[in-house]
Amino acid sequence: MEAIALTNHELEIEDVEYLRHGDTPLLLRLFKPSGARLFPLIVQLHGGAWCRGDRNNDAELNEALAKSGVVVAALDWRMPPVAPYPAALADINYAIRWLKARAADLRSRPELFGLMGSSSGGHQAMLAAMRPRDPRYSMLPLPGGAAQVDASVRCVVMCWPVIDPLGRYHYAKELKQRGGSHAEFADRVMPSHDQFWGTEDAMAEGSPPRALERGERVELPPALYIQGAADMAHPKSDRERFVESYRKAGGHLELELFDGEAEGFIGRNSNSPNAVRAVEKIIDFVHRQLG
């Protein structure tokens, strides 16, 4: 870890169009470290309850990871009201394949790819990693002549993910019934669940822990799960179910809980001891998994 922490690459940052739907381009922001060697590549997915946010959301984390010697590609994708689930997963799947086809130009290799996301982006990172060949997600063909690669990844980093959309939806409903300050949170997130998923059946279908509990055949790349112990926006019970199910299915999962921290603590105070330690955990995990 000490050698990684001392690495501080200069960065080149640029926005690139990776896909276009009609007249609407989708961009990704590349954080490219300097140097001639091969680098791991992390595809990063922002949070925002599936309906808000963009590739600019997690710039500090993305820069810190890139300076350690990792190419980071922070994505935009289709969101409601433009398109509900599974459009976002189709764009994410396409982006992974599109980047793999260009890995050599990015000083990386397709086998050195991972996913990282926060909140709803953490959920989408895990879901995309578990189902890299799902025909609904892989439906968008690469341009003619591009290398035919799949969207499988070698590791996943989740920061306070909405790991079970249906579980969080029911949790928010319960909070709304209690009233007070809890109702404000419920009023903020429940419409986004409805807009993105449409139905509770879709929330259950797109839930990583429920997929495991159903016995669905999925990929199980090594995963890092980061959450504040005081996080009230992402239910503890959902996390515990997923961690248990993932490990029971044979997946390697490292859980890091940070006492006293709520959701989004890395971005809220990036210089705090816990935020610094969380970023170090992410950097260490990515380099251990991807080299």
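Please refer to the structure placed before this passage.
All of the points below concern the structure found in this document. Here the structure is a predicted model, which means the values were calculated and not measured.

Brief notes about the pattern of salt bridges
Counted according to the given criterion, the structure contains 28 salt bridges. For Glu111, the salt bridge goes to Arg109, with nearest N and O atoms at 2.5 Å. The partly exposed category is assigned to Arg109, whose relative accessible area is 35%. Arg241 serves as the salt-bridge partner of Asp238, at 3.5 Å between the closest nitrogen and oxygen. Taken together, the positions of Asp238 and Arg241, both in helix α9 (residues 236-248) and 3 residues apart, correspond to about one turn of that helix. With relative accessibility at 24%, the residue Arg241 sits in the partly exposed group. Connected through shared salt-bridge partners, Arg131, Asp134, Arg136, Glu205, Arg214 and Glu216 make up one network.

Description of the sheet that holds strand β7 (residues 223-228)
Pairing is mixed in the open sheet, where 8 strands are placed in the order β1-β2-β4-β3-β5-β6-β7-β8. With one partner strand each, in any of the chains shown, β1 (11-21) and β8 (253-258) form the two edges of the open sheet. Put simply, the sheet's adjacent strands are angled 20° from each other on average, direction ignored. Relative to strand β4 (residues 71-75), strand β3 (residues 41-45) is paired through 4 bridges, and the arrangement is parallel. Within β4, the residue paired with Leu41 across the bridge is Val71. Helix-sheet contacts for helix α4 (residues 120-130) involve β3, β5 (113-118) and β6 (156-159), and the interaxial angle to β5 is about 150°.

Quick look at the nonpolar core
Membership of the largest hydrophobic core comes to 70 residues, with the highest contact counts inside it found for Tyr18, Leu28, Leu75, Leu99, Leu115, Met126 and Phe242. Counting residues per element, this core draws most heavily on helix α3 (residues 87-101), which supplies 9 residues. In this structure, Leu115 is in contact with Ile42, Val43, Leu45, Ile96, Ala125, Ala128, Ala129, Val153, Cys155, Val156 and Val157, ignoring residues within four places of it in sequence. Membership of the second largest hydrophobic core comes to 25 residues, among which are Leu65, Ala74, Ile226 and Ala278.

Definitions and cut-offs
Residues numbered from 1 in each chain as written. Predicted model: local features only at pLDDT ≥ 70, side-chain atom pairs only at ≥ 80, totals over all residues. Heavy atoms only, no water. Salt bridge = Lys/Arg side-chain N within 4 Å of Asp/Glu carboxyl O. Buried < 20%, exposed > 50% of the residue type's maximum accessible area, 1.4 Å probe, protein only. Helix = DSSP H or I, 4+ residues; strand = E, 2+ residues; numbered from the N terminus. Pairing = 2+ DSSP bridges. Axes fitted to C-alpha atoms, helices over the stretch in contact; angles between N-to-C directions. Contact = heavy atoms within 4.5 Å. Core = buried A, V, L, I, M, F, W, Y, C linked by side-chain atoms within 4.5 Å.

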